[in-house]
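The residues making up each chain are set out below.
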Amino acid sequence: MTTTFKNFIGGAWVEPAGGAYYENRNPADHDDLIGRFPRSSAADVQKAVESAKRGFDLWKRTPAPARGDALRRAGDILVRRKDEIADLMTREMGKPLAETKGDVQEGIDTAYYAATEGRRLFGHTVPSELRNKWAMSFRRPIGVCGIITPFNFPLAIPTWKIFPALLCGNSIVFKPAEDVPHTGHVFIEILLEAGVPPEVLQLVHGVGEEAGKAIVDHPEVPIVSFTGSTETGKLVGETCGRMHKRLSLEMGGKNAQIVLDDADLELALDGVLWGAFGTTGQRCTATSRLIVQSGVHDQFLGQLVDRVKKLKLGDGRKSGTDVGPMINEAAVRKTEHYVDVGQSEGADLLCGGRRATGKGLEKGWYFEPTIFARVQAGMRIEQEEIFGPVLSVIRVNTADEAFTINNDVKYGLSSSLYTRDVNLAFRALNELDNGITYVNAPTIGAEAHMPFGGVKQTGNGHREGGWEVYEFYSETKVGYVDFSGALQRAQIDNY
Ligand code: UN1
């Protein structure tokens, strides 16, 4: 019996206005149908926005510490249901259970951080220029937030956006990626159980070009947060710019791990394996370039290829699996395409490069972990985001050369440097053009209480996570109270 899921709009689980549905399947087993999900249209988004406006009126009056309490309860539920949610996430998007448990943990950490922010949300009180007058700033909620999220962190990324949005007193219209609607459904159930009022939360399933676009286009959604490709982010940005919306974009990456001659090579090896092939390379923080200094290049590459060949591909729900499937057929095709590009550019394919076959892999979207050597700066496989298990290795003679190559791409999310030279490590923090630089750690693994985001075409200047995201989801208002009993004119008669 196939389960047919619904949207959550107006405080109830409802069918999509047009009656259309799509199927969601397990990427490790095409025959495993998870359910049918609404293929929503602008009509559903319209109802969702109307309801979210009512929810906003109620929620913005709820004291921030009480809003925080609801999020703490959501964190408690995630703790209780961690294993079960990790299992359904792996079934839905493929990465191994250890990783989906980490994904749930990121949601838990984000919940508990958000809960404490309910008792801060600081403004400033500063001295006034004038006598008997106070000057202070404080935070106000904004309204209905459009939240559009990707498949690779089906729980963590929605929590990065939705918890701070709610904590600040906004309501939401949430569209999870069409490949991970089940996790989105469970997440909304948890928020309801935690006591967030129903009309504060709207879940609208569907595809980006329809439901996602309708959210971005809607005049009464003043704030949009989007994580996804740079191409789609550009379209979202154009609309939001034209409509004067507040927008947070998290988009592509072409992240490099730099390994210098003095590095701890064992450590660097573990780092690149995890950075490049964790989540099957489908992270915006994935290591897709490895820049190695000539003194250790050949040795390091040899060891790396040996280790990569031993990675075990398989169903993420089976123990012993190192690398799960890719998300769908289109992702496999894109990766295949880039393998062709790399070969035609003259890079050396050292391992992988094709769909993985073999026992247990017949029904999934598996791709072999792939390494290209002799990659030159400027090649397309060195410049463009592949979002798959493909690593491009570039040989350099000096740290300066490595830094230049790191910076010479259009993206700027994360970077990593393996060295024992403390001076160089600090220079890297200053000189690498990324939102995040790791020293002696891989390019992935950002922590929930730290600001997350990138420079250049990775983002548009905002950060998620940490304390900075609360700036995005609230408006600063200033209050002046003059208790002098006389007309005092600022900037004119202050003495
Ligand atoms: C993403 O790939 O979109 O730092 C986010 C990391 C994770 C988040 C990745 N905590 O890799």
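Residues numbered from 1 in each chain as written. Predicted model: local features only at pLDDT ≥ 70, side-chain atom pairs only at ≥ 80, totals over all residues. Heavy atoms only, no water.

**Structural notes on the overall build of the protein**
To keep things clear, this is the line we draw: Numbering of helices and strands starts at the N terminus; helices are DSSP runs of H or I of at least 4 residues and strands are runs of E of at least 2. Note that the radius of gyration is over C-alpha atoms, with the globule rule given as 2.2 Å times the number of residues to the power 0.38. Relative accessibility decides the category of a residue: with a 1.4 Å probe and only protein chains considered, values under 20% of the type maximum give buried, values over 50% give exposed, and everything between is partly exposed. By the convention used here, residues are in contact when the closest approach between their heavy atoms is within 4.5 Å. In these tables, accessible area is a Shrake-Rupley quantity obtained with a 1.4 Å probe, and a residue counts as shielded only by the protein chains included in the view.
A tally of helices and strands in the protein yields 15 helices and 21 strands. Against the globule reference of 23 Å for 495 residues, the protein gives a C-alpha radius of gyration of 24 Å, in line with a compact fold. Burial analysis of the protein (495 residues in total) assigns 56% to the buried set. Restricting the contact set of the protein to residue pairs at least 6 apart, pairs at least 24 apart contribute 74%. When the accessible surface of the protein is totalled, it reaches about 20,400 Å², and 51% of it is carbon and sulfur.

**A word on the site of the ligand**
Selection rule: Whether a residue is near a molecule or strand is decided by its heavy atoms; if any one of them lies within 4 Å of it, the residue is near. Polar contacts, as counted here, are pairs of nitrogen or oxygen atoms within 3.5 Å of one another; within protein the pair requires one atom able to donate a hydrogen and one able to accept it, and residues that are adjacent in sequence qualify only if both atoms are side-chain atoms. Throughout, the protein atoms alone are placed on a 1 Å grid, and a set of points is a cavity if a 1.4 Å probe fits but cannot get out or a pocket if it is open with protein on both sides within 12 Å along at least five of seven lines; lining residues have an atom within 4 Å of a point. Assignment of a molecule to a cavity or pocket requires that more than half of its atoms lie within 2 Å of the corresponding grid points.
Around the ligand, the neighbouring residues are Glu 106, Asn 152, Phe 153, Ile 157, Trp 160, Arg 283, Cys 284, Thr 285, Ile 444, Gly 445, Ala 446 and Phe 452. Asn 152 places a polar side-chain atom, nitrogen or oxygen, 3.2 Å from an oxygen atom of the ligand. In the complex, the protein chains occlude 98% of the 320 Å² of accessible area that the ligand would expose alone. Because more than half of its atoms lie within 2 Å of the grid, the ligand is assigned to the second largest pocket.

**Side note on the pattern of salt bridges**
The condition is simple: The term salt bridge refers to a pairing of a side-chain nitrogen on Lys or Arg with a carboxyl oxygen on Asp or Glu at a separation within 4 Å.
If you walk through the whole model with that rule in mind, you get 29 salt bridges. Here Arg 25 makes a salt bridge to Glu 23, at a shortest N to O gap of 2.8 Å. Salt bridges linked by common partners bring Glu 329, Arg 333, Glu 336 and Arg 355 together as one network.

**Regarding a nonpolar patch on the surface**
Using the following cut-off: Like charges within 9 Å and nonpolar side chains (Val, Leu, Ile, Met, Phe, Trp, Tyr) within 5 Å are joined into patches, using only residues over 30% in relative accessible area that form no salt bridge.
Residues Val 422, Phe 426, Leu 429 and Val 439 make up a contiguous nonpolar surface patch of about 370 Å² in total accessible area. Overall, the relative accessible area of 32% leaves Val 439 in the partly exposed class.

**A look at unusual backbone geometry**
Of note, the phi angle at Arg 374 is positive, near 55°, even though the residue is not glycine. Among the secondary structure elements, Arg 374 is positioned in the loop between β15 (370-373) and α12 (380-383). Residue classification places Arg 374 among the exposed positions, given a relative accessible area of 58%. In this structure, Asn 440 is a non-glycine residue whose phi angle is positive, near 55°. Counting through the fold element by element, Asn 440 comes out in the loop between β19 (436-439) and β20 (455-456).

**Details of the nonpolar core**
Counted only if it meets this: Remark: nonpolar core denotes a set of buried residues (Ala, Val, Leu, Ile, Met, Phe, Trp, Tyr, Cys) joined through side-chain atoms within 4.5 Å.
Core analysis: the biggest nonpolar cluster contains 44 residues, and Phe 163, Leu 166, Ile 172, Leu 191 and Tyr 473 have the highest contact counts within it. Here Ile 172 is in contact with Ala 52, Cys 145, Ile 147, Ile 162, Ala 165, Leu 166, Val 200, Leu 201 and Gln 202, once residues within four sequence places are set aside.

**Quick look at empty space enclosed by the protein**
Here is the rule we go by: Grid points are joined across faces, edges and corners, and a volume is the space filled by probe spheres set on the points. Residue polarity is assigned by list, with Asp, Glu, Lys and Arg as charged and Ala, Val, Leu, Ile, Met, Phe, Trp, Tyr, Cys and Pro as nonpolar; anything else, Gly included, falls into the polar class.
One pass over the structure, following the stated rule, counts three cavities of 30 Å³ or more. Taken as a whole, the largest cavity spans an internal volume of roughly 70 Å³. Around the largest cavity, the lining is made up of 13 residues, and of these Gly 281, Ala 286, Ser 288, Glu 385 and Phe 387 lie nearest the centre. Its residues placed into classes, the lining of the largest cavity shows five nonpolar, six polar and two charged.

**What to know about the side chain of Thr 230**
Tracing the backbone shows Thr 230 in helix α8 (residues 230-242). From its side chain, Thr 230 meets the backbone nitrogen of Gly 252 in a polar contact 3.2 Å long. Ignoring any residue separated from it by four or fewer positions in sequence, one finds Thr 230 in contact with Met 251, Gly 252, Tyr 411 and Gln 457.

**Considering the packing of aromatic side chains**
The relative placement of two aromatic rings is captured by the distance of their centres and the angle of their planes. Here is the rule we go by: Under the pairing criterion, centres of Phe, Tyr and Trp rings, with the six-membered ring standing for Trp, must be within 6.5 Å; the plane angle then separates stacked pairs below 30 degrees from edge-to-face pairs above 60, leaving the rest tilted. Any Lys NZ or Arg CZ found within 6 Å of a ring centre and within 35 degrees of that ring's normal is scored as a charge over the ring.
According to the stated counting rule, one finds nine aromatic pairs in the structure shown. Ring centres of Phe 163 and Phe 187 lie 5.6 Å apart, and the angle between their planes is 70°; on these two criteria the pair is classed as edge-to-face. One end of the pair, Phe 163, is in helix α5 (residues 156-167); the other, Phe 187, is in helix α6 (residues 181-193), and 24 residues separate them in sequence. Taking relative accessible area as the criterion, Phe 163 reaches 0% and is therefore assigned buried. Here Phe 472 and Tyr 473 contribute two aromatic rings whose centre-to-centre distance is 4.8 Å and whose plane-to-plane angle is 80°, an arrangement assigned as edge-to-face. Accessibility classification places Phe 472 together with Tyr 473 in one group, the buried group. Connected via pairs of aromatic rings, a cluster forms that spans Phe 5, Tyr 22 and Phe 37. Above the ring of Tyr 21, the side-chain terminus of Arg 36 is found at 4.8 Å from the ring centroid.

**Observations concerning the sheet that holds strand β5 (residues 124-127)**
In any sheet, the strands associate via hydrogen bonds between backbone groups, in a parallel or an antiparallel arrangement. Selection rule: One requirement defines pairing of two strands: DSSP has to find at least two bridges between them. To define axes, lines are fitted to C-alpha atoms, for helices over the stretch in contact only, and angles between the resulting N-to-C directions are given on a 0 to 180 degree scale.
Spatially, the three strands line up as an open sheet ordered β5-β6-β21, and their pairing is antiparallel. Only two strands of the sheet have a single partner each, and these edge strands are β5 and β21 (474-482). If you compare each strand with its neighbour and ignore which way they point, the axes differ by 20° on average.

**Examining the pairing of strand β4 (residues 29-38)**
For a regular strand, side-chain orientation follows a simple rule: the groups alternate between the two sheet faces. In terms of strand pairing, strand β3 (residues 21-26) meets β4 through six bridges, oriented antiparallel. The partner of Asn 26 across the bridge, within β4, is Asp 29.

**Section: the sheet that holds strand β13 (residues 287-293)**
Strand order in this open sheet of seven strands is β14-β15-β16-β13-β12-β18-β19, and the pairing throughout is mixed. The open sheet is flanked by β14 (348-351) and β19, the only strands paired with a single partner. Direction aside, neighbouring strands of the sheet carry axes that sit 20° apart on average. Sheet strands touched by helix α11 (residues 329-344): β14, β15 and β16 (390-396). Its angle to β15, the strand with the most contacts, is close to 20°.

**Brief notes about the pairing of β3**
With burial as the criterion, only one face of β3 is covered, namely that bearing Tyr 22, Asn 24 and Asn 26; the residues Tyr 21, Glu 23 and Arg 25 on the opposite face remain uncovered. Adjacent in sequence and paired antiparallel, β3 and β4 are bridged by two residues.

**Quick word on the layout of surface pockets**
By volume, the largest pocket amounts to about 1,200 Å³. Lining the largest pocket are 42 residues, with Phe 226, Thr 227, Gly 228, Ser 229 and Thr 232 sitting closest to its centre. Only α7 (208-217), β10 (223-227), α8 and α11 provide two or more residues apiece to the lining of the largest pocket. Examining the composition of the lining of the largest pocket, we find that seven residues originate from one element, α8, more than from any other. Classifying every residue of the lining of the largest pocket gives 17 nonpolar, 13 polar and 12 charged. Its volume calculated, the second largest pocket comes out at about 370 Å³. In this structure, the second largest pocket is lined by 21 residues; those nearest its centre are Glu 106, Phe 153, Arg 283, Gly 445 and Ala 446. For the lining of the second largest pocket, the secondary-structure elements that each account for two or more residues are α4 (97-117) and α5. Among the elements that line the lining of the second largest pocket, the one with the most residues is α4, at seven residues. Looking at the lining of the second largest pocket residue by residue, the class counts come to nine nonpolar, five polar and seven charged.

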